[in-house]
Amino acid sequence: MRKGICTFAAIGLLAVGGLSACGKDSGGGNTPAAEKKAKVGVILPDSASSVRWETADRPYLEAAFKAAGVEYDIKNAQGDKTQFQTIADQMITGGVTVLMIVNLDSGTGAAVLQKAKAAGIGTIDYDRLTLNGGADYYVSFDNVAVGKLQGEGLVKCLTDKGVKNPVVAELNGSPTDNNATLFAQGYNSVLDPKYAAGEYKKGPNKSVPDWDNTQAGTIFEQMMTDTGNKIDGVLAANDGLGNAAINVLKRNKMKVPVTGQDATVQGLQNVLAGDQCMTVYKAIKQEADGAAELAVALAKNQTVTGLGSVKDTESGKDVPSKLLVPKAIYKDNVKDVVTDGFVKKEELCKGDFAKLCTDNGIS
Ligand code: BGC
């Protein structure tokens, strides 16, 4: 089937989060006909590598699909690649018109995307790009920018603390997650020049398989042993990994700047308590809304304009992409995350955190 071509540009609209799509019906007019009834299948990766998938992505996606009047089915593979493929098979045979995945690794992700394509189903990579996957669209944040904010955040906190020649440990995300590579690209673009200039000392550097928070604790403990506890700052790739490091540091009666990502309740509480230097807030509502818009366009066989593109480093192809802008969060702007409705004050400001919330303008 031929895709309708949209001729009006939507670049201006993109700045406020709007995309533009239009299609042609079989009669040739620009009317929303010639479309299948949209049914979107979404496969989330797990609920342990970050709480975001169940606490933020699922509800925001549900709300976005409901608002668009689209049927949907959201499942979570719980970190199991076989399960991931089984869910995909069921969705494909069950008649979804669009399949949206957060891959557990590019290999299994690509196999699923190819099956969907062979069945004539539209495909979207949500948050993580599937290398060699050839998805129709990719929706995410600028993940190199996320890493840059983390690197700059760590530098800011070490500078504020007046630490000279700090030893920095790096706890990277999963080696099978393309995002983890991009985050590292971002923070190493900030840290590498410091190491090269002899301003900072490169400490232990390890990737955490599957972003497993428990393993992160074990890995960080080993880093402490290997360095005789001489670690002055921790670049942790997300809040879960950061919290694992913080727990080990606390057991050793140490407090050093630690970074994170996802603006989770736990991460924000660690920031308020001064145990974590910063986190990165990604407005997942925008990501979910963007993904839902693209899913609807795919289901209606419309072409979307106003998108950017990301190069798949394995296939060399450009994937039409919508990339959103992340924001660094320190103690003094934790309130912005609450104002944005991403976390609830009642959840964040429980018990001991009530006073810290008031002190930091969260009311
Ligand atoms: C996401 C992060 C998340 C991590 C672990 C990454 O792909 O972009 O937000 O913390 O996976 O789930």
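Just above sits the structure.
None of these values were measured; they are calculated from a predicted model.

J.: Please explain the overall build of the protein chain as it appears in this structure.
T.: A tally of helices and strands in the protein chain yields 13 helices and 14 strands. Computed over its C-alpha atoms, the radius of gyration of the protein chain comes to 21 Å, within 12% of the 21 Å expected for a compact globule of 363 residues. Taking the principal axes of the C-alpha coordinates as reference, the protein chain spans close to 70 × 45 × 35 Å. Across the 363 residues in the protein chain, those meeting the buried criterion constitute 55%. In the protein chain, 68% of the contacts between residues at least 6 apart in sequence involve partners at least 24 apart. For the protein chain, the computed accessible surface area is about 15,400 Å², with 53% contributed by carbon and sulfur atoms. For the protein chain, the distance from the average position of its 40 positive side-chain charges to the average position of its 42 negative side-chain charges is 2 Å.

J.: Explain the sheet that holds strand 9 (residues 233-236) to me, please; I cannot follow it from the model alone.
T.: Strand pairing within a sheet occurs via backbone hydrogen bonds; the two strands may be parallel or antiparallel. If you walk across this open sheet you meet the three strands as 8-7-9, and the pairing is parallel. Across the chains shown, the open sheet's two edge strands, defined by having one partner strand only, are strand 8 (201-207) and strand 9. On average, each strand axis in the sheet is inclined to that of its neighbour by 15 degrees, with strand direction left out of account. Here strand 7 (residues 167-172) pairs with strand 9 via four bridges, running parallel. Residue pairing in the sheet places valine 168 in a bridge with glycine 233 of strand 9. Against the sheet, helix 5 (residues 143-161) makes contact with strand 7 and strand 9, and its axis sits at roughly 165 degrees relative to strand 9, the strand it touches most.

J.: Can you help me understand the state of the cysteines in this one?
T.: Between two cysteines, a covalent bond joining their sulfur atoms is known as a disulfide. A complete count under the given rule lists two disulfides for this structure. There is a disulfide in this structure between cysteine 157 and cysteine 277, and the S-S distance comes to 2.1 Å. Looking along the S-S bond of the cysteine 157-cysteine 277 disulfide, the torsion reads about 80 degrees, which is the right-handed sense. Of this pair, cysteine 157 sits in helix 5 while cysteine 277 sits in the loop between helix 9 (265-272) and strand 10 (279-281); the two residues are 120 residues apart in sequence, bridging distant segments of the chain. When sorted by exposure, cysteine 157 lands in the same class as cysteine 277, which is buried. Each disulfide pairs two cysteine sulfurs, and for cysteine 349 the partner residue is cysteine 357, the sulfurs being separated by 2.1 Å. With the S-S bond torsion at -90 degrees, the cross-link from cysteine 349 to cysteine 357 turns out left-handed. Residues cysteine 349 and cysteine 357 agree in their burial class; the two are buried. Along the protein chain, the cysteines that take part in disulfide bonds pair up as 1-2, 3-4, counted in sequence order.

J.: What exactly am I supposed to notice about the packing of helix 5 against helix 6 (residues 178-196) here?
T.: In helix packing, the relevant descriptors are the interaxial angle and the interaxial distance, both defined with respect to the helix axes. Remark: helix 5 packs on helix 6, axes separated minimally by 7 Å, with the N-to-C direction vectors making an angle of 40 degrees. Note that helix 5 runs across helix 6; the crossing there is right-handed. Packed against helix 5, whose contacting residues are Asn143, Val144, Val146, Gly147, Lys148, Gln150, Gly151, Glu152 and Val155, the element helix 6 presents Asn179, Leu182, Phe183, Gln185, Gly186, Tyr187, Ser189, Val190, Leu191 and Lys194 at the interface. For the contact of helix 5 with helix 6, the residue count by class is eight nonpolar, eight polar and three charged.

J.: I'm lost on helix 4 (residues 106-118) in this one. Help?
T.: Relative to the 18 Å expected for 13 residues at 1.5 Å per residue, helix 4 spans 18 Å between its end C-alpha atoms, a close match to the ideal helical length. Burial in helix 4 covers these residues: Ser106, Thr108, Gly109, Ala110, Val112, Leu113 and Ala116. Buried-residue contacts for helix 4 involve helix 3 (81-93), strand 4 (98-101) and strand 5 (122-126).

J.: Explanation requested: the nonpolar core in the structure shown.
T.: Considering soluble globular proteins, one finds that nonpolar side chains tend to be buried as a cluster. Counting residues in hydrophobic clusters, the biggest one holds 47 residues, and the most contacted among them are Leu61, Phe65, Met100, Ile124, Tyr126, Phe342 and Leu348. Elements represented by at least two residues in this core include exactly strand 2 (39-44), helix 2 (52-68), strand 4, strand 5, strand 6 (137-141), helix 9, helix 10 (284-299) and helix 11 (334-339). Sort the elements by how many residues they give to this core and helix 10 lands first, with ten residues. Among the domains, domain 1 (5-135 + 283-324) and domain 2 (143-282 + 330-359) are the pair contributing at least three residues each to this core. When residues no more than four places from it in sequence are discounted, the contact partners of leucine 348 are Val265, Leu268, Gln269, Leu272, Val334, Val338, Val343, Phe353, Cys357 and Ile362. The next biggest cluster of nonpolar side chains, apart from the first, holds 44 residues, and it includes Phe141, Val190, Tyr195 and Val208.

Each value, and the rule that gives it
- Residues numbered from 1 in each chain as written.
- Predicted model: local features only at pLDDT ≥ 70, side-chain atom pairs only at ≥ 80, totals over all residues.
- Heavy atoms only, no water.
- Helix = DSSP H or I, 4+ residues; strand = E, 2+ residues; numbered from the N terminus.
- Rg over C-alpha atoms; globule rule 2.2 N^0.38 Å.
- Buried < 20%, exposed > 50% of the residue type's maximum accessible area, 1.4 Å probe, protein only.
- Contact = heavy atoms within 4.5 Å.
- Areas by Shrake-Rupley, 256 points an atom, 1.4 Å probe, with all protein chains shown as cover.
- Lys, Arg positive; Asp, Glu negative; His and termini not counted.
- Charge placed at Lys NZ, Arg CZ, Asp CG, Glu CD.
- Pairing = 2+ DSSP bridges.
- Axes fitted to C-alpha atoms, helices over the stretch in contact; angles between N-to-C directions.
- Disulfide = S-S within 2.5 Å.
- Left-handed = near helix turned anticlockwise from the far one by under 90°.
- Nonpolar A, V, L, I, M, F, W, Y, C, P; charged D, E, K, R; others polar.
- Expected span 1.5 Å × (residues − 1).
- Core = buried A, V, L, I, M, F, W, Y, C linked by side-chain atoms within 4.5 Å.
- Domains from an automatic or database assignment.

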